[in-house]
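Coordinate analysis (summary)
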Amino acid sequence: KTVAIVGCPFRGGQAKLGVDKGPIHLVEAGLPEQLAELGWKVQFDGHHQFEEIPTEDDPPIGKLKNPRSVSRVCQAVAKVVGEHAKKGQLPLTLGGDHSLAMGTISGTLEKYPDACVIWVDAHADINTAETTDSGNIHGMPVSFLLGIGPKVDEFSWVKPVLKPHRIVYIGLRDVDQGERRILREYGIKAFSMHEVDKYGIGRVVEMALDHVNPGRKLPIHLSFDVDALDPTVAPSTGTPVRGGLTFREGHYICEAVYETGCLVALDIMEVNPSLADSESAKQTVAVGCSLARSALGETLL
Ligand SMILES: N[C@](CCCC[B-](O)(O)O)(CCN1CCCCC1)C(=O)O
Ligand SMILES: [Mn+2]
Ligand SMILES: [Mn+2]
Ligand SMILES: [Mn+2]
């Protein structure tokens, strides 16, 4: 089985410098070799070079920042991920900010229209053009994939291919008011850190899978934002929120998803190596690599 590494050095979905350096740090930490060690055939044709749209040519549309750049890059990513998936490979997208998931999940759903999405994150990333307060599109990808909220011409290429009952969240603890309304209105299942505390991660993952993939027959796209982990575990990320998943809880999710045998696509997002001291940056990169390994079959025994 081939894993195709899609390095996406992109930061346009948010304002902080450095998250575009995530992919190169993850690769230089040895992720391709680590996956080969696990028995994967690894395809990595170098990081994608996204030509920058100069800021003066990409003014906000409403509140949305860098809309043309985000749209163009995500469209390119959708194509690349879709191509790898159609070749029967497992696309592993390395971010880069989480707006990229508009592209990765569009690509996955082109090949696997009935795929379900497990979104591991401190945030719901489901703001619409109306509800967003920051205008940072990394807080919005899920709304575009569901086709909810006011239409934004720039993103008309994003088809509403994701259904509300086909996505489940684990790790939420910083959800905006508008997002809470949307989750309720569309009946979207979310296991926040409260449920993780209450039931334990084992039961939460089982309930999450039972919700989106009851017979474990549907393909799974796992989209992992490292800020789902507690900031003591993954400090070097753009929007850290205290009270997150432990190192083991994060890895358990990946191990359990791998065990289903249903994984068809994986995103490791929001590693920003330039946000902390080099020790913390290295720690965060190392966690990104180990999460990917766990989701791709690395076990403890
Ligand atoms: N919901 C936020 C954060 C999005 C994080 C994106 B991710 O998960 O990919 O990292 C936060 C909005 N706002 C920030 C200031 C305080 C009130 C909430 C937003 O900007 O929309
Ligand atoms: Mn996110
Ligand atoms: Mn997040
Ligand atoms: Mn983030």
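These lines cover the structure that appears in this document, whether it is placed above or below. This is a predicted model, so every value here is computed, not measured. (Residues numbered from 1 in each chain as written. Chains lettered and ligands numbered in written order. Predicted model: local features only at pLDDT ≥ 70, side-chain atom pairs only at ≥ 80, totals over all residues. Heavy atoms only, no water.)

1. Overview of the coordination of the manganese ion (ligand 4)
The coordination sphere of the manganese ion (ligand 4), as far as protein atoms go, consists of D227 (OD) and T239 (OG1), spread over 2.5 Å. Here the manganese ion (ligand 2) and the manganese ion (ligand 4) are spaced 5.0 Å from one another. Here the residue D227 occupies a position in the loop between β7 (220-225) and α9 (247-260), and T239 occupies one in the loop between β7 and α9, the gap between them amounting to 12 residues. Classification of T239 as partly exposed rests on a relative accessible area of 26%. (Donors = N, O, S within 2.8 Å, 3.2 Å for Na, K, Ca; no water. Helix = DSSP H or I, 4+ residues; strand = E, 2+ residues; numbered from the N terminus. Buried < 20%, exposed > 50% of the residue type's maximum accessible area, 1.4 Å probe, protein only.)

2. Some words on the sheet that holds β7
The sheet built from eight strands is open, its strands ordered β2-β1-β3-β8-β7-β4-β5-β6 with parallel pairing. The sheet terminates laterally at β2 (41-43) and β6 (189-192), the two strands that pair on one side only. Shown here is a sheet whose adjacent strand axes are inclined to one another by a mean of 15°, direction ignored. Sheet analysis places strand β1 (residues 2-7) next to strand β3 (residues 90-94), joined by five bridges and oriented parallel. In the sheet register, A4 faces β3, and the bridge partner there is P91. In this fold helix α3 (residues 67-86) packs onto β1, β2 and β3, with an angle of close to 155° to the strand it touches most, β3. Against the sheet, helix α10 (residues 278-295) engages β3, β7 and β8 (263-269), with an angle of about 170° to β8. (Pairing = 2+ DSSP bridges. Axes fitted to C-alpha atoms, helices over the stretch in contact; angles between N-to-C directions. Contact = heavy atoms within 4.5 Å.)

3. Re the site of ligand 1
Taken together, the neighbourhood of ligand 1 is formed by 15 residues, with D125, S134, D176, D225 and T239 sitting nearest. Within the side chain of S134, one N or O atom sits 2.7 Å away from an oxygen atom of ligand 1. Between ligand 1 and D225, the relevant distance is 3.0 Å, taken from an oxygen atom to a side-chain nitrogen or oxygen of the residue. About the coverage of ligand 1: the protein hides 75% of its 520 Å² of free accessible area. Partitioning the shell around ligand 1 into residue classes produces no nonpolar, seven polar and eight charged. (Near = heavy atom within 4 Å. Polar contact = N/O pair within 3.5 Å; in protein donor to acceptor, adjacent residues only side chain to side chain. Areas by Shrake-Rupley, 256 points an atom, 1.4 Å probe, with all protein chains shown as cover. Nonpolar A, V, L, I, M, F, W, Y, C, P; charged D, E, K, R; others polar.)

Scope: geometric values only; no functional claims are made or implied.
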